[in-house]
Amino acid sequence: DHRAQAAMTGGVRLNGVKDTLSISLRQLAALPLDLSHRPAVAPFVADSQGPTGGTGRPEVQRMLDRLSADFGLPLVALVTLDGQLAATSSSATVPGSNGARFDMREYFTDAITRGAGIQFLLGRATHAPGMYFARRIEHGGAPVGVAVVEQDTETLNRLLNDADGARVFVTD
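Along every chain, residues carry numbers that run from 1 in the direction the sequence is written. Given that the model is predicted, a residue must reach a pLDDT of at least 70 before its local features are reported, and side-chain atom pairs must reach 80 or more before they are shown or counted; all residues, however, enter totals for whole chains, interfaces and linings. Working from all heavy atoms in the structure, the side-chain values ignore hydrogens and water.

(A) Main features of the pattern of salt bridges. Any carboxyl oxygen of Asp or Glu within 4 Å of a side-chain nitrogen of Lys or Arg constitutes a salt bridge here. Tallied over the full model, the rule gives three salt bridges. Between arginine 114 and aspartate 110 there is a salt bridge whose closest N-O contact spans 3.4 Å. Remark: aspartate 110 and arginine 114 occur in helix 4 (residues 106-114); sequence separation between them is four residues, near one turn of the helix. Only protein chains enter the calculation, and the probe is 1.4 Å; a residue is then buried if its accessible area is under 20% of its type maximum, exposed if over 50%, and partly exposed in between. On the basis of relative accessible area, aspartate 110 is assigned to the buried category, the value being 13%. In this text, helices come from DSSP runs of H or I with a minimum length of four residues, and strands from runs of E with a minimum of two, each type numbered from the N-terminal end.

Put into structure tokens, the structure is as follows:
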């Protein structure tokens, strides 16, 4: 029966898309976790609190730039507890110098209160849609900020492409 075969094929494709998306999102969520555990990150973010900011550490900048380049991420950032940008990957377009605050973003508040956050939204500077993944950074057992990575939706859309050109829609 043609309908039964089509339903079975559709089910297999759907499971494949779900698995691919799930694996990719878990991997993206692991990146800020890894970043938050790196020895230089927590002291850097803790020292960046307040109006004068921290002392720039070239090793932290190189770390952010490498992560951004290696994983093709448009944004890798460290944000202080008060929502100020402490550092960002060099390729990122972020309105950090104009006093932009990130403490009202859901991914930030979830990361501070629950340890992790994820949010789909439009970037402030680029106005492009993206998925933001965040993890709390702790120093001495206390939260000092948040590590954030963004993946643009074009990259995520390529995960959903069907070889036959069929459209795939994702909702929650």
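(B) Structural context of helix 3 (residues 58-71). The terminal C-alpha atoms of helix 3 lie 20 Å apart, and with 14 residues this matches the ideal 20 Å at 1.5 Å per residue to within 8%. Of the residues flanking the end of helix 3, it is glycine 72, one or two places downstream, whose phi is positive at about 65°. Expected helix span is taken as 1.5 Å per residue step, with the number of steps being one fewer than the number of residues.

(C) Broad picture of the nonpolar core. Here the nonpolar core consists of buried residues drawn from Ala, Val, Leu, Ile, Met, Phe, Trp, Tyr and Cys, with membership extended through side-chain atoms lying within 4.5 Å. In terms of nonpolar packing, the biggest core is built from 22 residues, with Leu35, Leu78 and Ile137 touching the most fellow members. Contributions of two or more residues to this core are made by helix 1 (2-37), helix 2 (41-47), helix 3, strand 1 (75-80), strand 4 (129-139) and strand 5 (142-152). Formed by 14 residues, the second largest nonpolar core is a distinct cluster that contains Leu75, Val79, Phe102 and Ala111.

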